[in-house]
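Structure at a glance
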2 protein chains.
Amino acid sequence: MAATSRGAGDRSGSAQAPAAQTERRADARRNIRSILDAAQLCLARDADASVADIAKAAGVGRVTLYGHFKTRADLVDAVLTRTMEQSDAALDATDTTGDPGQALTRLVGASWQIVHQFHSVLQAAQRELPPERIRAVHDRTLQRVQTIVDNGRRAGVFRDDLPERWLVTTVFSLMHAAAEDTAAGRLDAGDAARVVSATLLAALTAPGAAVPTPAP
Amino acid sequence: MAATSRGAGDRSGSAQAPAAQTERRADARRNIRSILDAAQLCLARDADASVADIAKAAGVGRVTLYGHFKTRADLVDAVLTRTMEQSDAALDATDTTGDPGQALTRLVGASWQIVHQFHSVLQAAQRELPPERIRAVHDRTLQRVQTIVDNGRRAGVFRDDLPERWLVTTVFSLMHAAAEDTAAGRLDAGDAARVVSATLLAALTAPGAAVPTPAP
DNA sequence: GCCAACATGAACACATATGTTCAGGTTTTG
DNA sequence: CAAAACCTGAACATATGTGTTCATGTTGGC
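Here the residue numbers are simple positions, counted from 1 along each chain's written sequence. A letter from A marks each chain and a number from 1 marks each ligand, given out in the order of writing. A pLDDT threshold of at least 70 governs which residues receive local features in this predicted model, and a stricter bar of 80 or more applies before side-chain atom pairs are shown or counted, although totals over entire chains, interfaces and linings include all residues. The basis for every side-chain value is the complete set of heavy atoms in the structure, and neither hydrogens nor water enter the calculation.

Glancing now at the protein's contact with DNA strand C. The rule for a residue being near a molecule or strand is that one of its heavy atoms must lie within 4 Å of it. Close to DNA strand C lie 22 residues; Arg30 and Arg72 of chain A together with Arg25, Asn31 and Thr64 of chain B are nearest. What you see for DNA strand C is that sugar and phosphate hold 65% of its atoms within 4 Å of the protein. In protein, a polar contact requires one atom able to donate a hydrogen and another able to accept it; more generally it is a pair of N or O atoms within 3.5 Å, and residues adjacent in sequence count only if both atoms are side-chain atoms. Residue His68 of chain B places a side-chain N or O atom 3.2 Å away from a phosphate oxygen belonging to DNA strand C. When residues in the surface near DNA strand C are grouped by element, the largest group, 4 residues, is from helix α3 (residues 62–68) of chain B. Of the residues belonging to the surface near DNA strand C, the class tally is 7 nonpolar, 6 polar and 9 charged. Starting at the N terminus, helices and strands are each numbered in turn, a helix being any DSSP run of H or I of at least four residues and a strand any DSSP run of E of at least two. Amino acid classes used here: Ala, Val, Leu, Ile, Met, Phe, Trp, Tyr, Cys and Pro are nonpolar; Asp, Glu, Lys and Arg are charged; the rest, including Gly, are polar.

Time to look at the UniProt feature "DNA-binding region" (unreviewed entry) in chain A. With numbering aligned to this structure, UniProt lists the feature "DNA-binding region" (unreviewed entry) at residues 50–69 of chain A. Here residues 50–69 of chain A runs as 75% helix and 0% strand, with 14 Å between its end C-alpha atoms. UniProt positions are given in the numbering used here, feature names are shortened, and annotations may be inferred rather than shown by experiment.

On to the interface of chain A and chain B, then. Bring the parts together and some accessible area is lost; that lost area is often taken as the interface size. Contacts are assigned to residue pairs that have any heavy atoms within 4.5 Å of one another. Chain A puts 24 residues into the contact, and the matching count from chain B is 24 residues. Buried area is calculated as the accessible area (1.4 Å probe) missing from two parts once they are joined, with the contributions of both summed. In total, chain A and chain B occlude about 2300 Å² of area from one another, counting both sides; carbon and sulfur atoms represent 62% of this. Broken down residue by residue, the surface that chain A buries against chain B is led by Trp166, Arg186 and Thr199 of chain A, which jointly contribute 26%. Linking chain A with chain B are 7 residue pairs in polar contact (both at pLDDT 80 or more). Among the secondary structure elements, those contributing two or more residues to the side of chain A that touches chain B are α9 (164–183) and α10 (189–204) of chain A. Counting residues per element, the side of chain A that touches chain B draws most heavily on α9 of chain A, which supplies 9 residues. Residue composition of the side of chain A that touches chain B, grouped by class: 12 nonpolar, 4 polar and 8 charged.

The description of two helices packed together rests on the angle between their axes and the distance between the axes. Residue and element names in this part refer to chain B. Lines fitted to C-alpha atoms define the axes here, with helix axes fitted over just the stretch in contact, and angles between the N-to-C directions of these axes take values from 0 to 180 degrees. Look at helix α1 (residues 26–45) against helix α2 (residues 51–58): their axes get within 8 Å of each other, and the N-to-C directions meet at 125°. Relative to α2, α1 is oriented oblique. Where α1 crosses over α2, the two elements pack in a sense that is right-handed. Together, Ser34, Ile35, Ala38, Ala39, Cys42 and Leu43 of α1 and Asp53, Ile54, Ala57 and Ala58 of α2 make up the contact between the two elements. Looking at side-chain class alone, the contact of α1 with α2 contains 8 nonpolar, 1 polar and 1 charged residues. Every angle not falling under 35 degrees, over 145, or within 65 to 115 is termed oblique; those three ranges are roughly parallel, roughly antiparallel and roughly perpendicular. Take the far helix as your reference; a near helix turned counterclockwise from it by less than a right angle gives a left-handed crossing, and one turned clockwise gives a right-handed crossing.

On to the protein's contact with DNA strand D. Taken together, the neighbourhood of DNA strand D is formed by 24 residues, with Arg25, Asn31 and Thr64 of chain A together with Arg30 and Arg72 of chain B sitting nearest. Sugar and phosphate atoms form 65% of the subset of DNA strand D atoms that lie within 4 Å of the protein. In this structure, Arg30 of chain B approaches DNA strand D through a side-chain N or O atom, which is 2.8 Å from a phosphate oxygen. Between Arg62 of chain B and DNA strand D, the recorded distance is 2.9 Å, taken from a side-chain N or O atom to a base oxygen. Elements represented by at least two residues in the surface near DNA strand D include exactly α1 (26–45) and α3 (62–68) of chain A together with α1 and α3 of chain B.

Next up on the list: empty space enclosed by the protein. Definitions used for this entry: grid spacing 1 Å over protein atoms alone; cavity, a set of points where a 1.4 Å probe fits but cannot get out; pocket, an open set with protein on both sides within 12 Å along at least 5 of 7 lines; lining residue, one with an atom within 4 Å of a point. Grid points are joined across faces, edges and corners, and a volume is the space filled by probe spheres set on the points. Considering all chains together, one arrives at 2 cavities of 30 Å³ or more under this definition. Approximately 280 Å³ is the volume found for the largest cavity. In this structure, the largest cavity is lined by 20 residues; those nearest its centre are Met84, Ser87, Ile114, Val115 and His138 of chain B. Looking at the lining of the largest cavity element by element, the count peaks at 5 residues for helix α4 (residues 72–92) of chain B. For the lining of the largest cavity, the class distribution of residues is 12 nonpolar, 7 polar and 1 charged. If you add up the space inside the second largest cavity, you get close to 240 Å³. For the lining of the second largest cavity, the secondary-structure elements that each account for two or more residues are α4 (72–92), α5 (100–117), α6 (119–128), α8 (139–154) and α9 of chain A. A per-element tally of the lining of the second largest cavity places α4 of chain A first, with 5 residues.

Turning our eyes to something else, we now look at the relation of the copies chain A and chain B. Between chain A and chain B, which share one sequence, the superposing operator has a rotation angle of 180° and an axial displacement of 0.0 Å; the RMSD is 0.1 Å. Those values place the two copies in the arrangement expected of a two-fold rotation axis. Taking the C-alpha atom as reference, chain A places Ala203 of chain A closest to the rotation axis, 2.2 Å from it. A share of 100% of interface residues in chain A that are also interface residues in chain B marks the association as one of identical surfaces. Least squares is the method used to superpose the copies, on C-alpha atoms of residues holding a pLDDT of at least 70 in both.

What follows is about the pattern of salt bridges. Any carboxyl oxygen of Asp or Glu within 4 Å of a side-chain nitrogen of Lys or Arg constitutes a salt bridge here. Tallied over the entire structure, the rule returns 30 salt bridges over all chains. Measuring nitrogen to oxygen at the nearest pair gives 3.0 Å for the salt bridge that ties Arg29 of chain A to Glu23 of chain A. We classify Arg29 of chain A as partly exposed; its relative accessible area is 41%. Here Arg186 of chain B and Asp181 of chain B are joined by a salt bridge, their closest N and O atoms 3.0 Å apart. Categorising residues by exposure relies on relative accessible area from a 1.4 Å probe, with only protein chains included: less than 20% of the type maximum marks a residue as buried, more than 50% marks it as exposed, and the intermediate range marks it as partly exposed. We classify Asp181 of chain B as buried; its relative accessible area is 3%. Overlapping salt bridges, with partners in common, bring together Asp88, Asp92, Arg140 and Arg144 of chain A in one network.

Structure follows, in structure tokens:
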């Protein structure tokens, strides 16, 4: 039951049926945007930001917020969806064709900052939403990585001796780890992209083949 | 702070001063054990198991529990400490000398099940305890990994072009990722150790050197 | 066997968050 | 301008968890 009274956060469970979305008034649309903006910001800073905090940050009454998002989970879902859409848009600008190693390096360069920035939005979602939902929202991004890995395997430059799924997991895992380490001051932010890329290239390269160095 | 009325969970903040621990009665000691056992089990299953749940699982009154652990955080701390001590004991049986690659493989083989088993105990701790405390409790284990990495670097078989800290992070990160993937059914439990070892060996091997295959 | 240490459930105090209702004020929209 | 849509704060209803107090049993040590 993740549906709003009138469709603002309407992503009905896990499939996103657009639904008959009656046109809402201008101020309502404005408020929804403010709320999503504020929520994204608040949740990025603190995964358990309260609904009250978010409403205040949005410059909106708490009741107004509940008028648009039926539950807290609904709001978190909307923020996560929005964040992933934004990330995906940013990633659309990244070329995933050509040499798989370079493609991977490009993708890491474009992704890791986003991962870093919205790390705790994900955390919030993981505490509130069912795992399938998280998985579903990540689908497009996952697909993108999988495509690169797959290309690399077919080209014989990425390893074939481990499950493809695991290689994808490795990519995500190390990006998240780098985000955390950077936040904790254990890894230099200016160096993170290179470090992650170098590690991933080594991890994914087919045994026996020469490990390429990430070209900045 | 994090101290019990009479010293059961007494690890005063971050340093573990043994304190003048007046000998407690036999039934008290018995109950403390039951509580820790139950808490470890409950928290391993659900990171937000309540104190009431744990007391019930321990076959003990809630008030009794609070008599031994002043706060929930105290209890979580005690469980985490205990878990890490157990892990460390298990790891003591693992030879970390000799060929660094094989040492790493041995360590992964001995560790990953533990990581898998107590994954959500860590989660609970991360929500309740300050990051420094988590770090402190992990110190010995961290040191162990770092030693292996360091040996490998000095022997010229592990890479020297990335921060040592990051390599250690990589080891932990991939073990945890494997634990999650296994729990989610995306990775075969029987295959996990091999997969993680193979990935780590590739990730850590010095550029140019031949990547070894994990010997089971 | 006696006394102190310990255990126990019930009840209470407190805090915090989520949702909801209400009675009125404001903005859009047509 | 008028109706409908929307916003608002205050108050309320829940729910849930933590931690404490109390009065009364129970157990263990010496």
